[in-house]
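Read off the chains here:
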Amino acid sequence: MMTEVATTLAGARKGRPSILRRWVGQALARNLSCLVVPGPEVALAHGLNLAAADMRIAATPRDATVLLVVGELSQKLDEATAVLYAQMPRPRAILVLGGSEPSSLPKADVSADLSQTELMEAATRLQRLLAEDAFAASPDDFDSSILQTRTEYVCPMHPEVVEDEPGSCPKCGMDLVAREAGGDADAGEHDHSGHGHGDHDHGDHDHGSSGFMSMVEVTKDLPRSADGLAMDWLEVPFGPCFPGLPGGLRLTLTLDGDGVTEGQATSLVAMGTPSEEVAVETFIERLAAATPLAPVSYRLLACRAIEQAAGLEPDPAVERGRAAALERERIASHLGWLAQLGRQLSFVWLTRRAAALQLETQRADGEQLVVLRPALQALIARLEHTPLLKARLKGIGALPHGSQDLRGPVARASGRTEDARQADAMYCELGFELYIEGAGDAWARFRQRHVEIVTSLDLVEAAGDPELPKLRAIDSPSGTGEATVETPRGRSTLQLTLERGQVVSVELDGACRQHIGLAADLVEGQELGDALVAVGSLDLSPWEVSS
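Owing to the predicted nature of the structure, the values given are computational and were not obtained by experimental measurement.

Rules and cut-offs
Residues numbered from 1 in each chain as written. Predicted model: local features only at pLDDT ≥ 70, side-chain atom pairs only at ≥ 80, totals over all residues. Heavy atoms only, no water. Core = buried A, V, L, I, M, F, W, Y, C linked by side-chain atoms within 4.5 Å. Buried < 20%, exposed > 50% of the residue type's maximum accessible area, 1.4 Å probe, protein only. Helix = DSSP H or I, 4+ residues; strand = E, 2+ residues; numbered from the N terminus. Contact = heavy atoms within 4.5 Å. Pairing = 2+ DSSP bridges. Axes fitted to C-alpha atoms, helices over the stretch in contact; angles between N-to-C directions. Lys, Arg positive; Asp, Glu negative; His and termini not counted. Salt bridge = Lys/Arg side-chain N within 4 Å of Asp/Glu carboxyl O. pLDDT = per-residue confidence, 0-100. Arc of directions from axis to C-beta. Parallel < 35°, antiparallel > 145°, perpendicular 65-115°, else oblique. Left-handed = near helix turned anticlockwise from the far one by under 90°. Nonpolar A, V, L, I, M, F, W, Y, C, P; charged D, E, K, R; others polar. Expected span 1.5 Å × (residues − 1).

Details of the nonpolar core
Burial of nonpolar side chains together is a common tendency in soluble globular proteins.
Link 1 in the chain: Among the nonpolar cores identified, the biggest contains 92 residues, and Leu251, Phe283, Phe446, Leu494 and Leu496 are the most heavily contacted of them.
Link 2 in the chain: Sort the elements by how many residues they give to this core and helix H8 (residues 316-345) lands first, with ten residues.
Link 3 in the chain: Beyond its immediate stretch of four places on either side in the chain, Phe283 contacts Pro274, Val278, Ala302, Ile306, Leu494, Leu496, Val503 and Val506.
Link 4 in the chain: Judged by nonpolar contacts, the second largest core, of 51 residues, contains Leu68, Val70, Ala80 and Ala82.

Written as structure tokens, this is what we have:
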């Protein structure tokens, strides 16, 4: 598709064009700072190399010149993106790759297909637009219904209780207190406006003629910290675009100073089930597109379930190529998590090296992966001998005893022999051996993924060249099928029903369905920085959560 380009910059800064302002525009054009929505990990998963297009990733909206939208956005993420865009300073531009333009934003300045070639061309045109039109005498205002102020009502003692109307708290019976909030402002980027709870109604106190209120009276209704001090608690949202956390995830933490009293993780991109009948090929493509961090895994899951419903027996030759593709994706996915960890801990060298290897891995055939093995093993060795990393991760985010339905690396790092590949005859033939850590903390999950990278390299070498899963020949069958695949984040199971070649019902149990609920236990009682590291170590994919 030819790149579409606006004739003027929607987010131009007010000011009559001048030589000085033209120089400013040219300087901005040479340094395209991008806020990536849903997140940099999605851009990498699609094989996009932003650095090669002279773009750098911005950590916050206030540091970004370009809002880069990758793929389709859910309605909730679309609305959150309006908040992010409003926080970007002018001049600002919108670049959309591979999806429809978000309804909450102005028309995109540049839009193109989702490929590296299109990205390079779009970046060039965007640079030209910024250089020539960064300033305008009368730029358009940006307004969206999501930004409008509304009133909500919260409990002074239980900040998680938020209602749209006045009333009393269902937990303690206290009257709810009014506060102003912008539409869905807590969907914004680490929005520290996340409201304290200090507007407490202390009743009608008799303070004598001096009008003095004692500290005992001032603080008597405030929540108590672990040390017994009475302090305001702040409810602070992180995400859906926060360094070190996956895009599309909103983590809401209640802070007592720099400690976390409680938290909750929710997905803004949770996967819904299809509401209409669809052809099998269309279903496969939609499922793969709906899970951008593991499209090969879910493509394979759909193919296997449909083929079972059609009565096809597994073909060993086909399954070998599919297994190789699945393990290649596992390597790339774990590298993507390492790049995200580097962003969270400000280890720039780790982010750059892991991201570069991820891009190479995604495109590699069997022989090329063999060539990449020394570089991958060298990275792992360096990481495991970096004392600062071990000190930052060891003992952080240990899962509570008895945590249920753990899957993938999270389960195996906790000492559990949970891996769907154990029951797969093809993997037994390839010599698959399970490795498990035992500590169950962020460091154990870190090391577990390292070992799995090496294991996957061995499996690809044994299986041969990766082959992207494709549906084998079927007519227009009817029947039910079920399949399970060990995705990079754990076991996912799909059940479906076919009628004359159409998918009529679907039940999907995604890998992160249970893991997103672990965040609440991991953050409670932790320092803020440790809480963020703990949640990041789970490697959540908000897309693999069923709505």
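Now that the structure has been shown, we can carry on.
A word on the pairing of strand E13 (residues 249-256)
Remark: a regular strand shows side chains that alternate across the two faces of the sheet.
Link 1 in the chain: Burial analysis of E13 places eight of its eight residues in the buried class, which makes it a mostly covered element.
Link 2 in the chain: Across the two faces of E13 the burial is the same, with Leu249, Leu251, Leu253 and Leu255 and Arg250, Thr252, Thr254 and Asp256 all buried.

Notes on the sheet that holds strand E14 (residues 259-267)
Link 1 in the chain: A sheet is described by the order of its strands in space; here three strands give the open sequence E12-E13-E14, paired in antiparallel fashion. Because the sheet does not close on itself, it has two edges, and the strands there are strand E12 (234-238) and E14. For this sheet, the mean angle separating the axes of adjacent strands, direction not counted, is 20°.
Link 2 in the chain: In this sheet, E14 lies alongside E13 in antiparallel orientation, the contact comprising eight bridges. Across the sheet, the residue bridging to Leu255 is Val260, located in E14.
Link 3 in the chain: Strand contacts of helix H16 (residues 528-536): E12, E13 and E14, with the helix running at about 155° to E13, the strand carrying the most contacts.

Some details on the side chain of Glu329
Link 1 in the chain: Within the fold, Glu329 resides in helix H8.
Link 2 in the chain: For the buried Glu329, which has no salt bridge, the nearest side chain bearing the opposite charge is Arg489, at an N-O separation of 7.1 Å.

Description of the confidence of the model for the chain
Link 1 in the chain: Averaged over every residue, the pLDDT of the chain is 88; the share at 70 or more is 88%.
Link 2 in the chain: pLDDT under 50 marks residues 183-220. Its contacts with residues more than four places away, or in other chains, come to 78 contacts.

Notes on helix H6 (residues 280-290)
Link 1 in the chain: The complete set of buried residues in H6 reads Val280, Phe283, Ile284, Leu287 and Ala288. One face of H6 carries all of its buried residues, which in axial projection span an arc of 125°.
Link 2 in the chain: Tucked into the core, H6 has its buried residues touching strand E15 (278-279), helix H7 (295-309), strand E17 (490-499) and strand E18 (502-509).

Details of the packing of H8 against helix H14 (residues 442-463)
Link 1 in the chain: Packing of H8 against H14 leaves a shortest axis separation of 9 Å and a crossing angle of 155°. In terms of their interaxial angle, H8 and H14 are classed as roughly antiparallel. Seen along the crossing, H8 lies across H14 with a hand that is left-handed. Packed against H8, whose contacting residues are Arg320, Ala324, Glu327, Arg328, Arg330, Ile331, His334, Leu335, Trp337, Leu338 and Leu341, the element H14 presents Phe446, Arg449, His450, Glu452, Ile453, Ser456, Leu457, Leu459, Val460, Ala462 and Ala463 at the interface.
Link 2 in the chain: Grouping the amino acids of the contact of H8 with H14 by side-chain chemistry returns 13 nonpolar, three polar and six charged.

Quick word on H8
Link 1 in the chain: If you check H8, its first and last C-alpha atoms are 43 Å apart, about what 30 residues at 1.5 Å a residue would give, namely 44 Å.
Link 2 in the chain: Among the 30 residues that make up H8, 26 are buried, leaving the element largely enclosed by the rest of the structure.
Link 3 in the chain: Where H8 ends, the next residue or the one after it, Ser346, has phi of about 60°, a positive value.

What about the pattern of salt bridges?
Link 1 in the chain: Using the criterion set out here, one finds 29 salt bridges in the structure.
Link 2 in the chain: Glu307 is the salt-bridge partner of Arg322, the closest N and O atoms lying 2.7 Å from each other. Of this pair, Arg322 sits in helix H8 while Glu307 is found in helix H7, placing the two residues 15 residues apart along the sequence.
Link 3 in the chain: According to the relative accessible area criterion, Arg322 is buried, its value standing at 1%.
Link 4 in the chain: When the shortest N-O distance is used, the salt bridge between Asp539 and Arg489 registers 3.4 Å. Placement of Asp539 in the segment after H16 and of Arg489 in the loop between strand E16 (479-487) and E17 is noted, with a sequence separation of 50 residues between them.

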